Number of protein chains: 2
Amino acid sequence: MRTLSGSFVYEMDKNVEPAWEVEPGETVKAETPDCFNGQIKSDEDTLEDLDMTQVNPATGPIYVKDAEPGDTLLVTIEEIKVKSPGVQGIVPGFGLLQDEFDEPLVTVHEIDEEGIEFEGKKLPVHPMIGTIGVAPEGKPVLCSTPGAHGGNLDTPDVRPGVTLKFPVFHEGALLSLGDGHALQGDGEVCGVSIEVATTTTLTVDVEKETISTPLIEGEDEFITLGSDEDLEGACRIALRAMVDYLSNNTTLSPQDAYKLCSVATDMKVSQVVNPLRTARVSVKKEIVEKFQG
Amino acid sequence: MRTLSGSFVYEMDKNVEPAWEVEPGETVKAETPDCFNGQIKSDEDTLEDLDMTQVNPATGPIYVKDAEPGDTLLVTIEEIKVKSPGVQGIVPGFGLLQDEFDEPLVTVHEIDEEGIEFEGKKLPVHPMIGTIGVAPEGKPVLCSTPGAHGGNLDTPDVRPGVTLKFPVFHEGALLSLGDGHALQGDGEVCGVSIEVATTTTLTVDVEKETISTPLIEGEDEFITLGSDEDLEGACRIALRAMVDYLSNNTTLSPQDAYKLCSVATDMKVSQVVNPLRTARVSVKKEIVEKFQG
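1. Structural notes on the interface of chain A and chain B
Okay, step 1: Each partner contributes to the interface: chain A provides 62 residues, whereas chain B provides 62 residues.
Okay, step 2: Taken together, the two surfaces of chain A and chain B that pack against each other cover about 5200 Å², and 64% of this comes from carbon and sulfur.
Okay, step 3: Between the two partners, chain A and chain B, sit 4 salt bridges.
Okay, step 4: Between A:Arg277 and B:Glu232 there is a salt bridge, and its shortest N-O distance comes to 2.6 Å.
Okay, step 5: Counting across the chain A and chain B interface gives 34 residue pairs in polar contact (both at pLDDT 80 or more).
Okay, step 6: Residue assignment for the side of chain A that touches chain B shows that the elements contributing at least two residues are strand S8 (86-90), strand S9 (105-109), strand S12 (121-123), helix H1 (231-249), helix H2 (254-264), strand S23 (265-271) and helix H3 (285-290) of chain A.
Okay, step 7: Per element, the largest residue contribution to the side of chain A that touches chain B is 10 residues, and it comes from H2(A).
Okay, step 8: Here the side of chain A that touches chain B is composed, by residue class, of 30 nonpolar, 15 polar and 17 charged.

2. What to know about the side chain of A:Arg280
Okay, step 1: Its place among the elements puts A:Arg280 in strand S24 (residues 277-284).
Okay, step 2: Polar side-chain contacts of A:Arg280 include one of 2.9 Å to the side chain of A:Asp186.

3. A short note on unusual backbone geometry
What you tend to see is this: most non-glycine residues have negative phi, and most peptide bonds are trans.
Okay, step 1: Residues A:Gly60 and A:Pro61 are joined by a peptide bond in cis, for which omega reads -10°.
Okay, step 2: Following the sequence through the fold, A:Pro61 ends up in strand S6 (residues 58-64).
Okay, step 3: In this structure, the amide linkage connecting A:Ser84 to the following residue, A:Pro85, adopts the cis form with an omega of -5°.
Okay, step 4: Phi at A:Glu188 is positive, roughly 45°, even though this residue is not glycine.
Okay, step 5: Looking at where A:Glu188 falls in the secondary structure, it is placed in the loop between strand S18 (175-181) and strand S19 (195-196).
Okay, step 6: Judged by relative accessible area, A:Glu188 falls into the buried class, the value being 2%.
Okay, step 7: Its identity as a non-glycine residue notwithstanding, B:Leu174 has a phi of 60°, on the positive side.

4. Comments concerning the pairing of strand S9 (residues 105-109) of chain B
If a strand is regular, its side chains alternate between the two faces of the sheet.
All names here are of chain B.
Okay, step 1: With 4 of its 5 residues buried, S9 lies for the most part within the structure.
Okay, step 2: With 5 bridges joining them, strand S8 (residues 86-90) and S9 adopt antiparallel strand pairing. When the bridges of S9 are listed, Ile90 appears paired with Leu105.

5. Observations regarding the nonpolar core
Okay, step 1: Counting 105 residues, the largest nonpolar core has A:Leu260, B:Leu239 and B:Leu260 as the members making the most contacts within it.
Okay, step 2: Of the residues forming this core, the biggest block, 9 residues, is contributed by helix H1 (residues 231-249) of chain B.

6. Examining the relation of the copies chain A and chain B
Okay, step 1: Note on the copies: chain A fits chain B at an RMSD of 0.0 Å, the axial shift is 0.0 Å, and the rotation between them is 180°. On the angle and the small slide along the axis, the relation comes out as a two-fold axis. Ranked by how close their C-alpha atoms come to the rotation axis, the residues of chain A are headed by A:Lys268, at 2.2 Å.
Okay, step 2: Same-surface contact between copies: 100% of interface residues of chain A are shared with the interface of chain B.

7. Looking at the environment of A:Thr278
Residues and elements named next belong to chain A.
Okay, step 1: By the element assignment, Thr278 lies in strand S24.
Okay, step 2: According to the relative accessible area criterion, Thr278 is buried, its value standing at 0%.
Okay, step 3: For the pair Thr278 and Glu11, spaced 267 residues apart in sequence, the C-alpha separation works out to 18 Å.
Okay, step 4: Excluding anything up to four places from it in sequence, Thr278 contacts Pro146, Asn152, Leu153, Thr155, Leu225, Gly226, Ser227, Leu231, Ala234, Val269, Ser270 and Gln271.
Okay, step 5: Within the structure, the side chain of Thr278 is placed 2.9 Å from the side chain of Ser227, a separation counted as a polar contact.

8. Quick word on the pairing of strand S5 (residues 27-32) of chain B
All names here are of chain B.
Okay, step 1: The side-chain alternation of S5 yields one buried face, formed by Val28, Ala30 and Thr32, and one unburied face, formed by Thr27, Lys29 and Glu31.
Okay, step 2: In the sheet, strand S1 (residues 3-4) pairs with S5 via 2 bridges, with the strands oriented parallel. By the bridge assignment, Leu4 is partnered in S5 with Ala30.
Okay, step 3: Bridge count between S5 and strand S20 (residues 198-207): 6 bridges; the pairing is antiparallel. If you follow Thr32 over to S20, its bridge partner there is Thr198.

9. Thoughts on the sheet that holds strand S10 (residues 111-112) of chain B
Residue and element names in this part refer to chain B.
Okay, step 1: One open sheet accounts for 3 strands, arranged S10-S11-S12; its pairing is antiparallel. The open sheet has two edge strands with one neighbour each: S10 and strand S12 (121-123).
Okay, step 2: Bridge count for S10 against strand S11 (residues 115-118) is 2 bridges, and the pairing is antiparallel. By the bridge assignment for S11, Asp112 is matched with Gly115.

10. Let's talk about the domain arrangement of chain A
All names here are of chain A.
Okay, step 1: When the domains of chain A are assigned, the result is domain 1 (2-207) and domain 2 (219-290).
Okay, step 2: Where domain 1 abuts domain 2, roughly 1400 Å² becomes buried across the two surfaces, and 56% of that area is made up of carbon and sulfur atoms.
Okay, step 3: Between domain 1 and domain 2 we count 2 salt bridges in total.
Okay, step 4: In this structure, Asp186 engages Arg280 in a salt bridge whose closest nitrogen and oxygen atoms are separated by 2.9 Å.
Okay, step 5: The interface formed by domain 1 and domain 2 holds 9 residue pairs in polar contact (both at pLDDT 80 or more) in total.
Okay, step 6: By residue class, the composition of the side of domain 1 that touches domain 2 is 6 nonpolar, 10 polar and 4 charged.

Cut-offs and rules
Residues numbered from 1 in each chain as written. Chains lettered and ligands numbered in written order. Predicted model: local features only at pLDDT ≥ 70, side-chain atom pairs only at ≥ 80, totals over all residues. Heavy atoms only, no water. Contact = heavy atoms within 4.5 Å. Buried area = accessible area lost by both parts, 1.4 Å probe. Salt bridge = Lys/Arg side-chain N within 4 Å of Asp/Glu carboxyl O. Polar contact = N/O pair within 3.5 Å; in protein donor to acceptor, adjacent residues only side chain to side chain. Helix = DSSP H or I, 4+ residues; strand = E, 2+ residues; numbered from the N terminus. Nonpolar A, V, L, I, M, F, W, Y, C, P; charged D, E, K, R; others polar. Buried < 20%, exposed > 50% of the residue type's maximum accessible area, 1.4 Å probe, protein only. Pairing = 2+ DSSP bridges. Core = buried A, V, L, I, M, F, W, Y, C linked by side-chain atoms within 4.5 Å. Least-squares fit on C-alpha atoms with pLDDT ≥ 70 in both. Domains from an automatic or database assignment.

Have a look at this one:
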């Protein structure tokens, strides 16, 4: 299996030359730096010392053969190995309670088999990838920002075992990924998780179908994602994608699919701290299967 | 056990004469009408025929002895028996996709031991109470609206087995409840669940502590609720209550509690359709217990 390492982007951009080319069906390992690109190594490092041009690197771009505009790129997350230590902190002017918590803070957290060290106790490790996406349709988008192309979705469901689906806007899709988290809560409310470098194993594939916003297929559930300037707008995009999914994949009319969402789908906040907010709507597969004939 | 039946309010209001008086520790049954007050009985009934002055009744007010301003009212939901049929529908000008779904629709759903009839299939019954709260601090608040006093929280976690906590603003607290749902998804996105009349068994109690927003204590988790004009504001209120809870009930500083929320609490949308939106933040008790000494 190939290991992809050493090429990063800070924007997802159709005009960046691909670093690697992979075949549909191929499994590769990607080495991803943490969101600070390894600049923080101890509690004594400060945010003032950070070179901000090195924040939010994503390993890529990866050119996927046969991926054409209008297709869907499938990315199955096989494994995420996190590297110790992880970094957390509070960044002034960033986070949902930034008016109250305006003192900068950097903390380094050792991670071992027993978990993540946090104030003398151990928190469980639930590794996930914060930033993953394809080259957006139009202008370049910073890796700090989510959208229809994916990007900084900061969604805890982007974890081993799921298959992500992205709209393909450009030949080869131009996949990039990074911003690993050893643990993140829904909302990522202070703006920073337990930020880690990872070795992430993924399998890519291409489907000749068109979608409008990223989707996640897990073992038991199906998830639609929406990102927008405002959290309610993000919820609306994810809901519209779920109504489309249900009315296209079941015997339900759009109206009945909408009614079903009101009683049998769930709505979670992925993150409420990035330049666009991200929300998601999920449905259990056992509910979908009831209405498949 | 007493059964409370036949007195409804359409506003939660400190000036309404209590219908019943209960002792701290007392368990009672409350008969609650559905949110349409039983006006819809078949698919042929239309929204145009509805007497809107009868929408959103809540059984109450219940005067709880010893409840003084500044106390906390505890309400444990012991059991919710739902009555068949349930009513759902699409109301023009209401719901997250109201721009797309503007045709009025009313549907009546039979409920039996196998579940809720929905387009020829059965959905599971997960009964909950949509509206429950105390007399608000200031002006009367319609039962359609949530707030610091509770009200139309439309939160699926308000289910048998949990204990709700409300700030007490007035002597006796003046509890009211109604708007039962046989099933609701997070978001309640079309604005209507499977609306049912219920017989709800609850135990009330009083704690000599002061809280600022409704809380829910479940078997495994602790939940804070926020309601605001804007969904992100609702998230912020719930998060602030969670940071307060964690820093008051663990060894963590407020800053560390905020950082813990970013990695180990979750954020869900309760409803995105009422005059104020409601969101909630939850933490697993096993996480809280790690930091209790």
